[in-house]
Amino acid sequence: MKIRNFSFILAPLALIACAQVAAAATLDVAKTPWCGCCTEWVARMEAAGFTLKVRDVQDTAPIATAAGVPDRLRSCHTAKIAGYVIEGHVPAEDIRRLLKEKPDAVGLSVPGMVAGSPGMETPGRATPTYQTVLIGRNGKLSVWATHAGSQPAHVH
């Protein structure tokens, strides 16, 4: 007798795969408790559909250093997702692209505190353009994306 329906075997495997993808898609954010723009970035990422785990720490520098973020690319919070580091006010669409393309990289950074980036929106004050930087595993830096800094908050 041949078994033609393998769904009883494949269904549990599909559930395991989905659970692994969901766990990998969680943004694990380390931020300081007094930083309002970090809280705003977290809200933007939640609105964009990401699952978040948020930890308040006294100093994000050791976390960024351990994750491989060069000093000149630092910002106010550090997140990790699917083996990548996300430093600073990186837009949701850049993170989605990173997860889709899976480059050989440490991760992404929007260095500093860029006015007009997600979580840093202030009426009447925005950097005309800013860049998201890809941090390669080989130490090479490249522009991942360029954004207009006067965009409204990203809500997806």
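In case you missed it, the structure is sitting above this.
On a predicted model such as this, the values are computed, not experimentally measured, just so you know.

About the thresholds
Residues numbered from 1 in each chain as written. Predicted model: local features only at pLDDT ≥ 70, side-chain atom pairs only at ≥ 80, totals over all residues. Heavy atoms only, no water. Helix = DSSP H or I, 4+ residues; strand = E, 2+ residues; numbered from the N terminus. Buried < 20%, exposed > 50% of the residue type's maximum accessible area, 1.4 Å probe, protein only. Areas by Shrake-Rupley, 256 points an atom, 1.4 Å probe, with all protein chains shown as cover. Pairing = 2+ DSSP bridges. Right-handed = clockwise from strand over helix to strand, strands pointing away. Phe/Tyr/Trp six-rings, centres within 6.5 Å; stacked < 30°, edge-to-face > 60°. Lys NZ or Arg CZ within 6 Å of the ring centre and 35° of its normal. Salt bridge = Lys/Arg side-chain N within 4 Å of Asp/Glu carboxyl O.

J.: Help me get a handle on the overall build of the protein chain, residues and values and all.
T.: The helix and strand tally for the protein chain stands at four helices and seven strands. Across the protein chain, helices and strands are ordered from the amino to the carboxyl terminus as α-β-α-β-α-β-β-α-β-β-β. The buried share of the protein chain, reckoned over its 156 residues, is 42%. Accessible area of the protein chain: about 8,500 Å², with a carbon and sulfur share of 60%.

J.: Give me the lowdown on the pairing of strand β5 (residues 105-110), citing residues and values where you can.
T.: With six of six residues buried, β5 is to be regarded as a mostly interior element. Relative to β5, strand β4 (residues 84-88) is paired through four bridges, and the arrangement is parallel. Residue pairing in the sheet places Glu-87 in a bridge with Ser-109 of β5. Considered for its hand, the β-α-β crossover made up of β4, helix α4 (residues 92-101) and β5 is left-handed. With four bridges joining them, β5 and strand β6 (residues 129-136) adopt antiparallel strand pairing. Along β6, the bridge assignment pairs Gly-107 with Ile-135.

J.: Before we move on, could you go through the packing of aromatic side chains and cite the residues and values that matter?
T.: This model, assessed by the stated rule, comprises zero aromatic pairs. Above the ring of Trp-144, the side-chain terminus of Arg-97 is found at 3.7 Å from the ring centroid.

J.: Now, about the pattern of salt bridges: what can you tell me, with residues and values included?
T.: Evaluated as defined, the whole model comprises seven salt bridges. Two residues, Glu-121 and Arg-44, come together in a salt bridge whose shortest N-O distance is 3.0 Å. Of this pair, Glu-121 sits in the loop between β5 and β6 while Arg-44 sits in helix α2 (residues 36-47), and the two are 77 residues apart along the sequence. The class of Arg-44 is buried, set by a relative accessible area of 15%. Several salt bridges converge on common partners, so that one network encompasses Glu-40, Arg-44 and Glu-121.

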